[in-house]
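Structure at a glance
Here is what each chain is made of, one letter per residue.
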Amino acid sequence: MRKTLILTGASRGIGKALALELAKAGYHLVLNARSEKPLLEVLEAVRALGVRAEAVAGSAGKAEVAEALVKKAEALGGFYGYIHNAGVLHPGPLVYEIAEPLFLEVLEANLLAGYQLARFAYPLLRPQGEGLAVYVGSGAAESNLPGIGAYAVAKAAEEHLAKQLAAEVPEVSCFVYRPGVVETEMQRQAREAQGSAAPVLHRVFRGYKEEGYLLTPEQAAQALVRLLPRARQFHGKTASWRDA
């Protein structure tokens, strides 16, 4: 039986590329993103590759959305786990300046969604004695770059969550995947950021582009798909695109 995976943040960037690469590799998919129209476009492209796929629009940080994702994955058969790729950046302000709703949105997309997925998926995966949980992390979790403080806090907590799950439920292969510096919408947002820390972000993120440092979403996605058969090797650890 083919394996079924949930993929968040599937409407663009790394997530869109991942959806297509996972489908090419033969995985059935349940796709998630907050924006419905681009999500459904990716759904059509995935189905055209010959796999079964469903979609649920909305924030995976909401319990009802995460639960719906897991139920759809279970209904497709062969439910094997999830890849939590969704994220929000909101760059520009210093961390004490960012508006509370924006700070909470960053936490919801990165951290809370990772918890909600585990909350509904692990009770099904653990009795199987196997499964997969991948958290797409970031080097920001270990840095203190002004202007992306909320994101860095959320990513540090999300990566810790992944390692906590790995320690608590060894049956499910759980690891952090850092895709490297990738040309995505977040990169564009950082290059065009407004706020107190904008000059710092412009220097750093425009420098990545000008120096040709950026990977494509396809490169980052292909690397992760190549790592999945070796997921057990990275259980409780952090893998990067270089490991592929």
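Residues numbered from 1 in each chain as written. Predicted model: local features only at pLDDT ≥ 70, side-chain atom pairs only at ≥ 80, totals over all residues. Heavy atoms only, no water.

Bringing the packing of aromatic side chains into the picture now. Under the defined criterion, the tally for this structure stands at four aromatic pairs. Pairing Tyr82 with Tyr135 gives two aromatic rings, centres 5.7 Å apart and planes at 85°, and the pair type is edge-to-face. With Tyr82 in strand β4 (residues 79–84) and Tyr135 in strand β5 (residues 132–136), this residue pair connects regions lying 53 residues apart in the sequence. Here Tyr82 and Tyr135 have matching classes, each one buried. Relative to Tyr208, the ring of Phe205 lies with its centre 5.4 Å away and its plane at 85°, an arrangement referred to as edge-to-face. Of this pair, Phe205 and Tyr208 are both found in helix α7 (residues 198–210), three residues apart, which corresponds to roughly one turn of the helix. Judged by its relative accessible area of 9%, Phe205 falls in the buried class. One aromatic cluster in this structure is built from Phe205, Tyr208 and Tyr213. Between Lys3 and the ring centre of Tyr80, over which it is positioned, the NZ or CZ distance is 4.1 Å. (Phe/Tyr/Trp six-rings, centres within 6.5 Å; stacked < 30°, edge-to-face > 60°. Helix = DSSP H or I, 4+ residues; strand = E, 2+ residues; numbered from the N terminus. Buried < 20%, exposed > 50% of the residue type's maximum accessible area, 1.4 Å probe, protein only. Lys NZ or Arg CZ within 6 Å of the ring centre and 35° of its normal.)

A few words on the environment of Lys209. Relative to the helices and strands, Lys209 is located in helix α7. By relative accessible area, Lys209 is classed as partly exposed at 44%. Between the C-alpha atom of Lys209 and that of Pro199, which follows or precedes it by ten residues, the distance is 16 Å. Leave out the neighbours within four places in its chain, and Lys209 touches Glu183, Arg191 and Leu214. (Contact = heavy atoms within 4.5 Å.)

So, about the pairing of strand β2 (residues 28–33). Burial analysis of β2 places six of its six residues in the buried class, the great majority of the element. Alternating positions in β2 separate into two faces, His28, Val30 and Asn32 on one and Leu29, Leu31 and Ala33 on the other, with burial throughout. Where strand β1 (residues 4–7) meets β2, four bridges bridge the pair, whose relative direction is parallel. Residue Leu5 lies in a different strand from β2, and its bridge partner there is Leu29. With respect to chirality, the unit in which β1 leads through helix α1 (residues 13–24) into the neighbouring parallel β2 is right-handed. Note that β2 and strand β3 (residues 53–57) share five bridges and pair parallel. By the bridge assignment for β3, Asn32 is matched with Val56. After leaving β2, the chain enters helix α2 (residues 36–47) and then returns to the sheet as β3, a path that is right-handed. (Pairing = 2+ DSSP bridges. Right-handed = clockwise from strand over helix to strand, strands pointing away.)

Between side chains of opposite charge, a pair can form when the charged atoms approach closely. If you walk through the whole model with that rule in mind, you get 14 salt bridges. Arg34 is the partner of Glu105 in a salt bridge, and the nearest nitrogen-oxygen pair spans 2.5 Å. Placement of Glu105 in helix α4 (residues 100–128) and of Arg34 in the loop between β2 and α2 is noted, with a sequence separation of 71 residues between them. Residue classification places Glu105 among the partly exposed residues on the basis of a relative accessible area of 25%. You can call Arg34 partly exposed: its relative accessible area is 48%. (Salt bridge = Lys/Arg side-chain N within 4 Å of Asp/Glu carboxyl O.)

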